[in-house]
Amino acid sequence: MLFEKEIIMKSNDLTLSTVDTLGELLAQIAELTKKADAIKDNIKDTASAGGPKVVEGDFFKATYMKPIAKLQTGKRLQKFTTSLTK
């Protein structure tokens with residue numbers, strides 16, 4: 001049961017502000033992920049409509065690819081991806 005005591009002691013060392021910071025960071029990550037997904041969707045939609053498949057910014061380049069893979073059942077699976085390079 002020493003292990004359980006170690007966990008309790010470590011959790012008691014956490015302060016309320018640490019937990020609040022964690023919550024704020026997770027909320028920011030969720031918001032940033034939402035924004036990034038919207039940008040990826042925009043790049044995908046533009047490329048799918050015949051627009052450019054490579055978009056370059058000042059610091060990064062996004063490349064849209066539409067890979068096709070086969071499932072074990074033989075059915076086709078389309079997965080849309082956008083990669084970002086620096």
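Residues numbered from 1 in each chain as written. Predicted model: local features only at pLDDT ≥ 70, side-chain atom pairs only at ≥ 80, totals over all residues. Heavy atoms only, no water.

## Quick notes on the overall build of the protein chain
Going by this rule: For helices the rule is a DSSP run of H or I covering at least 4 residues; for strands it is a run of E covering at least 2, with both sets numbered from the N terminus onward. Any residue under 20% of the maximum accessible area for its type is buried, any over 50% is exposed, and the rest in between are partly exposed; the area is computed with a 1.4 Å probe on protein chains only. Contacts are assigned to residue pairs that have any heavy atoms within 4.5 Å of one another. Each accessible area is a Shrake-Rupley result for a 1.4 Å probe, and residues are judged covered by the shown protein chains and nothing else.
Each helix and strand counted, the protein chain has two helices and five strands in total. Its helices and strands in sequence order give the protein chain the pattern α-α-β-β-β-β-β, from N to C terminus. Across the 86 residues in the protein chain, those meeting the buried criterion constitute 6%. Considering only contacts in the protein chain between residues 6 or more positions apart, those separated by 24 or more positions represent 17%. Carbon together with sulfur atoms contributes 61% to the accessible area of the protein chain, which is approximately 7700 Å² in total.

## Things to note about the confidence of the model for the protein chain
Test applied: Across the chain, each position has a pLDDT score giving the predictor's confidence in that residue, from 0 to 100.
Across the protein chain, the average pLDDT comes to 77, with 59% of residues at or above 70. Mean pLDDT across the elements of the protein chain bottoms out in strand β4 (residues 76-78) (50) and peaks in strand β1 (residues 54-56) (92).

## Focus on the pairing of strand β2 (residues 61-65)
Let me state the cut-off plainly: Any two strands with at least two DSSP bridges between them are considered paired.
By the bridge criterion, three bridges tie β1 to β2 in an arrangement that is antiparallel. Directly across from Val54, in β2, lies its bridge partner Thr63. Two successive antiparallel strands, β1 and β2, enclose a turn made up of four residues.

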